[in-house]
Amino acid sequence: MMRTLVTIADAGLREMFWQDQVLSKLEMVSVVDFVTLDVRFTSEQLAEKIGEYDACITSWGSPFFTPEVLARAGKLKFIGHGAGSVASIVSDDVFATPIAVTSANKVLAHSTAECAVSLMFAGAWNHAGYSAGVKRGQWSVNNRETVLGVTRRVIGLVGYGEISKQVIRMLQPFATTILLYSSYCQPSEAEALGVELCGLNELFERSDIVSLHNTWTPRTQGMIGAEQLRRLRDGGLFVNTSRGPIVNEEALVAELRTGRISAAIDVYDQEPLPASHELLSMPNVLCLPHIGGYHGLLKRELCDFIVDELGRFAAGEPLQGKVSLEHFLRLTPR
């Protein structure tokens, strides 16, 4: 039987991920060892132990697979990451080995997509503004107030991957027109999804709501700047559940100062966001503390998905979350 090392030391993650039924399922396909609870497990320690194992399960806080670790991983054939991007645990070196790399990004993508869509609705319905007004004793004025709303609006998605695929699916009941900017989505695939491919500036010009889903790489850093933001329609909404540095934050703040557009944001250049940051005092900005992956049921299922992946691997079946070198090179660096 295989031997698996679980390199998740954090007590909170261990309690969340490893419910009895998940552990029992893992033990049916592998002997399993856990690293010491709440003691930092390093790459050096991983290098010392990895030679004993056929599989390794990782998550947030797991050590990086350095060249030394890979050099000593003579038996290792499977790395399963119970989180999203594997760039925090491996480099492209791993793809020159026979080791299969998989992640629970498909699961996490559902959570982030739901967060993005919820921000579209919250921003388009000005939930934060109306809530603050009610708490100040104000009420709405039916004969002159309206909100942007989502139904039948034009929504522009920047970036194409598991999250934006789920966003497209979630928006289907609302008769939206969806524009997509991506260099990876083929026209035939866009047609099958019912979305329209277009250029970045055109997307901003035509959209009522723009939602950002690109990965953060040197190529995409600062790709959304003043040129794009000024093209967003008056009264438009900008949503970011991707990564802060993809947006020129100074340009975003400057455009928001005009009051012409609004924003709903879950990610920032600096996290945690400083209490003095101007975004926090803007009435046209809804701020969340990077909670896109927090869906309770889905977050708990990350390692359950990886255990199922290990079962598929052991049975010689295709992996549902397999990461290829091509996909890896598109990921946000660790």
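Whatever comes next refers back to the structure up there.
Throughout what follows, the structure given in this document is the object of discussion. None of the values given here were measured: they were computed from a predicted structure.

Definitions and cut-offs
- Residues numbered from 1 in each chain as written.
- Predicted model: local features only at pLDDT ≥ 70, side-chain atom pairs only at ≥ 80, totals over all residues.
- Heavy atoms only, no water.
- Helix = DSSP H or I, 4+ residues; strand = E, 2+ residues; numbered from the N terminus.
- Rg over C-alpha atoms; globule rule 2.2 N^0.38 Å.
- Buried < 20%, exposed > 50% of the residue type's maximum accessible area, 1.4 Å probe, protein only.
- Contact = heavy atoms within 4.5 Å.
- Areas by Shrake-Rupley, 256 points an atom, 1.4 Å probe, with all protein chains shown as cover.
- Lys, Arg positive; Asp, Glu negative; His and termini not counted.
- Charge placed at Lys NZ, Arg CZ, Asp CG, Glu CD.
- Salt bridge = Lys/Arg side-chain N within 4 Å of Asp/Glu carboxyl O.
- Core = buried A, V, L, I, M, F, W, Y, C linked by side-chain atoms within 4.5 Å.
- Axes fitted to C-alpha atoms, helices over the stretch in contact; angles between N-to-C directions.
- Parallel < 35°, antiparallel > 145°, perpendicular 65-115°, else oblique.
- Left-handed = near helix turned anticlockwise from the far one by under 90°.
- Nonpolar A, V, L, I, M, F, W, Y, C, P; charged D, E, K, R; others polar.
- Expected span 1.5 Å × (residues − 1).
- Pairing = 2+ DSSP bridges.

### With respect to the overall build of the protein chain
Stage number 1. For the protein chain, the count of helices and strands is 14 helices and twelve strands.
Stage number 2. Relative to the globule expectation of 20 Å for 334 residues, the C-alpha radius of gyration of the protein chain, 22 Å, shows essentially globular dimensions.
Stage number 3. Projecting the C-alpha coordinates of the protein chain onto the three principal axes gives extents of approximately 70 × 45 × 35 Å.
Stage number 4. Within the protein chain, the fraction of its 334 residues that count as buried is 49%.
Stage number 5. Long-range contacts, defined as pairs at least 24 residues apart, comprise 66% of the intrachain contacts of the protein chain with a sequence gap of at least 6.
Stage number 6. Accessible area for the protein chain stands at about 16,000 Å²; split by element, carbon and sulfur atoms hold 51% of it.
Stage number 7. For the protein chain, the centre of its 30 positive side-chain charges and the centre of its 37 negative side-chain charges are spaced 3 Å apart.

### Brief notes about the pattern of salt bridges
Stage number 1. Taken as a whole and assessed by the stated rule, the structure comprises 18 salt bridges.
Stage number 2. Close ionic contact of K25 with D304 constitutes a salt bridge, the shortest N to O distance being 2.6 Å. Residue K25 is found in helix α2 (residues 20-29), and its partner D304 is found in helix α13 (residues 302-314); the two are separated by 279 residues along the sequence.
Stage number 3. According to the relative accessible area criterion, K25 is partly exposed, its value standing at 29%.
Stage number 4. Between E227 and R230 there is a salt bridge; the shortest N-O distance is 3.1 Å.
Stage number 5. Of the residues examined, E227 reaches a relative accessible area of 32% and is grouped as partly exposed.
Stage number 6. Classification of R230 as partly exposed rests on a relative accessible area of 48%.
Stage number 7. A network of salt bridges, in which partner residues are shared, links E205, E227, R230 and R231.

### Considering helix α7 (residues 162-171)
Stage number 1. Here α7 has its buried residues at S164, Q166, V167, I168, M170 and L171.
Stage number 2. Those residues of α7 that are buried lie in contact with α5 (105-124), β6 (154-158), β7 (177-181) and α8 (187-193).

### Description of the side chain of R312
Stage number 1. Here R312 lies in helix α13.
Stage number 2. By relative accessible area, R312 is classed as buried at 15%.
Stage number 3. When neighbours within four sequence positions are excluded, R312 is seen to be in contact with F305, E317, P318, L319 and Q320.

### Points about the environment of M282
Stage number 1. Relative to the elements of secondary structure, M282 occurs in the loop between β11 (262-265) and β12 (285-287).
Stage number 2. Judged by its relative accessible area of 9%, M282 is buried.
Stage number 3. For the pair M282 and D266, spaced 16 residues apart in the sequence, the C-alpha separation amounts to 15 Å.
Stage number 4. Residues in contact with M282, not counting those within four places in the same chain, are V253, L256 and R257.

### A look at the nonpolar core
Stage number 1. Counting residues in hydrophobic clusters, the biggest one holds 28 residues, and the most contacted among them are V158, F204, I224, F238, L256 and L279.
Stage number 2. If you list the elements that add at least two residues to this core, you get β6, α9 (200-206), β9 (209-212), α11 (249-257) and β11.
Stage number 3. At four residues, the largest contribution of residues to this core is made by α11.
Stage number 4. Those residues in contact with I224 that lie beyond four places of it in its chain are V158, L200, F204, L212, L229, F238, I246, V247 and N248.

### As for the packing of α2 against α13
Stage number 1. Viewed as axis vectors pointing N to C, α2 and α13 meet at an angle of 15°, and their least axial separation amounts to 10 Å. Judged by the angle between their axes, α2 and α13 are roughly parallel. Here α2 and α13 pass one another in a crossing that is left-handed. In contact with V22, K25, L26 and V29 of α2, α13 contributes C303, D304, V307, D308, L310 and G311.
Stage number 2. Of the residues assigned to the contact of α2 with α13, the class counts are six nonpolar, one polar and three charged.

### A closer look at α13
Stage number 1. Here α13 contains 13 residues, and its C-alpha end-to-end distance of 19 Å stays within 8% of the 18 Å for a straight helix at 1.5 Å per residue.
Stage number 2. Within α13, the full set of buried residues consists of L302, C303, F305, I306, V307, E309, L310 and R312.
Stage number 3. Immediately beyond the C-terminal end of α13, within one or two residues, lies G316, with a positive phi of roughly 75°.

### Things to note about the sheet that holds strand β10 (residues 237-240)
Stage number 1. With respect to topology, seven strands assemble into an open sheet ordered β8-β7-β6-β9-β10-β11-β12, the strand pairing being parallel. The sheet is open, and its two borders are formed by β8 (196-197) and β12, each paired with just one other strand.
Stage number 2. Summarising the sheet, β7 and β8 pair through two bridges and their orientation is parallel. Bridging across to β8, L180 finds its partner in L197.

### So, the packing of α5 against α7
Stage number 1. Relative to each other, α5 and α7 sit at 50°, their axes nearing to 8 Å. On the basis of the axis angle, α5 is oblique to α7. The two elements α5 and α7 cross, and the hand of that crossing is right-handed. Note on element contacts: α7 touches α5 through E162, I163, Q166, V167, R169, M170 and L171, opposite N105, K106, A109, H110, T112, A113, E114, A116, V117 and M120.
Stage number 2. Here the contact of α5 with α7 is composed, by residue class, of nine nonpolar, four polar and four charged.

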